[in-house]
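Chain residues, written in single-letter form:
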Amino acid sequence: MSYTLQDQALLKHSSFIQGQFSPAFAGHFAVHNPADGSLVALVAQVDSSQVQQAIHAADQAFALWRETPAAQRAALLRRWQALMLQHQQDLAILLTLEQGKSLQEATAEIAYGASYVSWFADEALRMNGAVLPALQSSQQILVLKEPVGVVSAITPWNFPNAMILRKAAAALAAGCSFIVKPSELTPLSALALAELAQRAGLPSGVFQVLVGTQAAMIGQHLTSDERIAKFSFTGSTAVGKLLLAQCASTVKKVSMELGGNAPFIVFDDADLDAAVKGLMAAKFRNSGQTCVCVNRVLVHSAVYESFLAKLVKATAALVLAPGLDPNCQLGPLINQAAVDKVHRLLDDALEQGAELLLGGTIDADLGPLFFQPTILADVTPDMAVSQQEIFGPVLALTVFDTEQEAIELANNSPTGLAGYFYSQSVARVFRVAKALQLGMVGVNEGLISNAAAPFGGVKESGLGREGSVYGLDDYCELKYLCLGGLS
Ligand SMILES: NC(=O)c1ccc[n+]([C@@H]2O[C@H](COP(=O)([O-])OP(=O)(O)OC[C@H]3O[C@@H](n4cnc5c(N)ncnc54)[C@H](O)[C@@H]3O)[C@@H](O)[C@H]2O)c1
Ligand SMILES: O=C[C@H](O)CS(=O)(=O)O
């Protein structure tokens, strides 16, 4: 499938530093299309001196950006958002080319990312402090809400637009300057956002993008430089723990959006058609490569056979195709390592007694990264497929008999990001929702991510929340003023 960008200037090939796209002399790295392995772009590697230049520029920019009136910050954010929607098709094509998801999902991601910019443009106008009653008549308490400072961020490949904007929008709205290192697998979406930021008139140094394969080198700067006040990470729990430790030396404020292991519980009083519809959405979005994708499907024994029949029929109907194919519902996985991981998890489960009901390997006619939609039955909690994030189009089914058993199975994970359950009993809805150790719970709903909701997890799924009325606070500090001598 071919493509043509309407605005070729959105395809950038080097880091965006201090208002300029700056190729260093540190070589290049390749961006490949997961659908066919073809070369999409060669991108200049950022070097250490450029990272330092970006941090200096962000530090300088913060001093001015923090004093920019909130209404002006909001207006610039809205101009940026408008350009994203004006160029939505080109941004979606670039995203599909480097990440592989269907053009329909990529187009939706552009709108999703832009919705955070719109949301936080509004929140900028409500960055309110407080006047509080003092305990002494001679005093008055004032609380100022101030931007935390220079923010650095590192983001993943699975949502190369929205995971950046979910952070940058809040940071810029609060008056912070922002430096991001996107995944080396998907730099083009971030660089296109930088181009549009420049066109929107965001001042030099307020939004910067560092691209390169030397993630550890870049990350060391972004987690340990004392000019950076806050570090915000989205990615795997393993890398998150490493970077969290690196932030300790300068006691940075941190946000961590990490891995998940989402349970999906079908109770005996569930609407089975709704449950199948919700599971298809919560499992197969981005070919299963989202942090909130269902990892463990727990089905009550009384409804298992009828639910399974509906689920097999719906799963078998999914169209596996390259992302630019208009019929695509499932695209390729990001790379061979992702395919190998899914194979390892399947092999382990089958060796331990699981039953393969559908799929189970790649569609060689399409290419080595096209993993078939797969259903495993008779999965147990001690199989690796129950314990690790699958990050692929595999449904792992386990049967349960009681509500308490379902809750214990669902909570049997060191992570706690998202989970889902279907029941038509109000009493059960509140019992189970309160018992689940998760940051986000879909109740009779499979699609729960939006800018109005506080996105984040508990346990080893992270720290802090992104989006919603709570999201700005992660980029602010409270300053307490005590006014004395007033009596
Ligand atoms: N909770 C959320 O909101 C959320 C959202 C999307 C993805 N994720 C998680 O992200 C993971 C998939 O994304 P991924 O494969 O890109 O994750 P990853 O942790 O491998 O990489 C994430 C980012 O960290 C960088 N990185 C890796 N090692 C580093 C190091 N030593 N120093 C500095 N940076 C380093 C990578 O270059 C990339 O930019 C999954 O676990 C998924 O659950 C979570
Ligand atoms: O991969 C995790 C992202 O947060 C996906 S989404 O926010 O649910 O779209």
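Owing to the predicted nature of the structure, the values given are computational and were not obtained by experimental measurement. Sequence order sets the numbering: in each chain, residues are counted from 1 along the sequence as written. Following the order in which they are written, the chains are lettered starting with A and the ligands numbered starting with 1. In keeping with the model being predicted, local features are shown solely for residues with a pLDDT of at least 70 and side-chain atom pairs are shown and tallied solely at 80 or more, while totals for entire chains, interfaces and linings include all residues. With hydrogens and water excluded, all non-hydrogen atoms of the structure serve as input to the side-chain values.

1. Re the sheet that holds strand β14 (residues 355-358)
Next up, step 1: What makes two strands pair is DSSP finding at least two bridges between them. For helices the rule is a DSSP run of H or I covering at least 4 residues; for strands it is a run of E covering at least 2, with both sets numbered from the N terminus onward. Taken together, the seven strands give an open sheet; going across it, the order is β14-β15-β16-β13-β12-β18-β19, and neighbouring strands pair in mixed fashion. Bordering the open sheet on either side are β14 and β19 (440-443), each of which pairs with just one other strand. Pairwise comparison of adjacent strand axes, ignoring direction, gives a mean angle of 25° for this sheet.
Next up, step 2: Judged from the four bridges that link them, strand β13 (residues 294-300) and strand β16 (residues 394-400) form a sheet pairing that is parallel. Bridge pairing in β16 links V299 to V399.
Next up, step 3: Running over the sheet, helix α9 (residues 272-284) touches β12 (262-266), β13, β16 and β18 (418-422) and is turned about 170° from β12. Working convention: axes come from line fits to C-alpha atoms, limited for helices to the stretch in contact. Angles between N-to-C directions cover 0 to 180 degrees. Pairs of residues are marked as contacts when any of their non-hydrogen atoms sit within 4.5 Å.

2. Some details on the site of ligand 2
Next up, step 1: In the vicinity of ligand 2, the residues found are Y112, N158, F159, M163, R166, R285, T290, C291, V292, S449 and F455.
Next up, step 2: Nitrogen and oxygen atoms within 3.5 Å of one another constitute a polar contact, given that in protein one can donate a hydrogen and the other can accept it, and given that sequence-neighbouring residues count only through two side-chain atoms. Within the side chain of Y112, an N or O atom sits 2.7 Å from an oxygen atom of ligand 2.
Next up, step 3: Take R285: an N or O atom from its side chain is 2.8 Å from an oxygen atom of ligand 2.
Next up, step 4: Computed with a 1.4 Å probe, the accessible areas rest on the Shrake-Rupley method; for each residue, only the protein chains presented here act as cover. Coverage of ligand 2 by the protein chains reaches 98% of its 280 Å² of free accessible surface.
Next up, step 5: Start and end positions for the domains come from either an automated domain assignment or a database one. Counting residues domain by domain, the shell around ligand 2 receives three or more from each of domain 1 (8-258 + 462-480) and domain 2 (262-450). We call a residue near a given molecule or strand whenever any one of its heavy atoms falls within 4 Å of it.

3. Brief notes about the UniProt feature "active site" (unreviewed entry) in the chain
Next up, step 1: When the UniProt feature table is mapped onto this chain numbering, "active site" (unreviewed entry) sits at E257.
Next up, step 2: In this structure, E257 sits in strand β11 (residues 253-257).
Next up, step 3: Judged by its relative accessible area of 3%, E257 falls in the buried class. UniProt positions are given in the numbering used here, feature names are shortened, and annotations may be inferred rather than shown by experiment. The buried label goes to any residue with under 20% of its type's maximum accessible area, the exposed label to any with over 50%, and the partly exposed label to all in between, with areas taken from a 1.4 Å probe on protein chains only.

4. Thoughts on the packing of helix α2 (residues 70-86) against helix α6 (residues 188-200)
Next up, step 1: One way to put it is that α2 packs onto α6 with a least axis distance of 9 Å and a crossing angle of 130°. Relative to α6, the element α2 is oriented oblique. Both α2 and α6 take part in a crossing whose hand is right-handed. Residues L76, R79, W80, L83 and M84 of α2 form the contact with α6, whose own contacting residues are L193, L196, A197, R199 and A200.
Next up, step 2: Just so you know the grouping, Ala, Val, Leu, Ile, Met, Phe, Trp, Tyr, Cys and Pro go in nonpolar, Asp, Glu, Lys and Arg go in charged, and all remaining residues, Gly too, go in polar. Of the residues assigned to the contact of α2 with α6, the class counts are eight nonpolar, no polar and two charged. Roughly parallel means an angle under 35 degrees; roughly antiparallel means over 145; roughly perpendicular covers 65 to 115; every other angle is labelled oblique. Note: crossing handedness is left-handed where the near helix turns anticlockwise from the far helix by less than a right angle, and right-handed where it turns clockwise.

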